[in-house]
Amino acid sequence: VVSAVRTYVEKGGALLGLRAGARYGGFFLGPGEYSLRFQHARTGSSIYCDFPGGEQDTNRIAVITEDGITISGIAESRETSFEGVDSTGIARILARRAQDDSAIATELAVGAGKVALWGVQLEVPVVTEDGSPETRLAEERRKALFSKTLRSLGLQLPTTSPDQPPYPLPQFLVSAPSKPD
């Protein structure tokens, strides 16, 4: 499966990883928990994806987008890291943690494709019981950021109509390399 995912992306596909981290490993990182490895398109160095397992309590954090917009209340169930990705310049940083300015989301060019990794649960709505204007604004910003990430990968959410569910099904979140639109 790992080989098929890697080939798919390198031939022009797109991968969106949620609750995922990345580690720049030069040309060889060595054994470890990083089974999904990509070759960076420009440098040829290895980028290892990390998908931490297990369940933890969900925290809500603030992120700052690459456009400088702060979004509060984003769900994070396990802290992920993006080791070496920020300092090497091999990735576009999509967002940072407001708390410490560390990378929390990146986009990488891999072969003819792209990989976007989000260390938070960007798919989880920002909600509070009070439904305050600040919460509604944060939720609008989260949706816009999620849509922007999908568009950057060449993925599209279907338009909704009254007879369709108001949420995407998994099969809508893939893009064949031969048919990106």
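The sections below set out a description of the structure shown in this document. Note that the coordinates shown come from a computational prediction; the quantities given were computed from them, not determined experimentally. (Residues numbered from 1 in each chain as written. Predicted model: local features only at pLDDT ≥ 70, side-chain atom pairs only at ≥ 80, totals over all residues. Heavy atoms only, no water.)

Observations regarding unusual backbone geometry
Positive phi is not limited to glycine here, since Arg19 has a value of about 60°. Looking at the element boundaries, Arg19 is found in the loop between strand E1 (14-18) and strand E2 (21-24). With relative accessibility at 18%, the residue Arg19 sits in the buried group. Within the chain, Asp101 stands out as a residue other than glycine whose phi angle is a positive 65°. Assignment of secondary structure puts Asp101 in the loop between strand E8 (92-97) and strand E9 (103-110). What makes Asp101 partly exposed here is its relative accessible area of 47%. (Helix = DSSP H or I, 4+ residues; strand = E, 2+ residues; numbered from the N terminus. Buried < 20%, exposed > 50% of the residue type's maximum accessible area, 1.4 Å probe, protein only.)

Some details on the nonpolar core
Judged by nonpolar contacts, the single largest core of 20 residues is most densely connected at Ile74 and Trp118. Secondary-structure elements contributing two or more residues to this core are strand E5 (59-65), strand E6 (70-76), E8, E9, strand E10 (113-118) and helix H3 (133-152). Counting residues per element, this core draws most heavily on H3, at four residues. Among residues more than four places away in sequence, those in contact with Ile74 are Asn59, Arg60, Ile61, Val63, Val120, Leu122, Val126 and Arg142. The next biggest cluster of nonpolar side chains, apart from the first, holds 18 residues, and it includes Phe38, Ile47, Phe82 and Ile90. (Core = buried A, V, L, I, M, F, W, Y, C linked by side-chain atoms within 4.5 Å. Contact = heavy atoms within 4.5 Å.)

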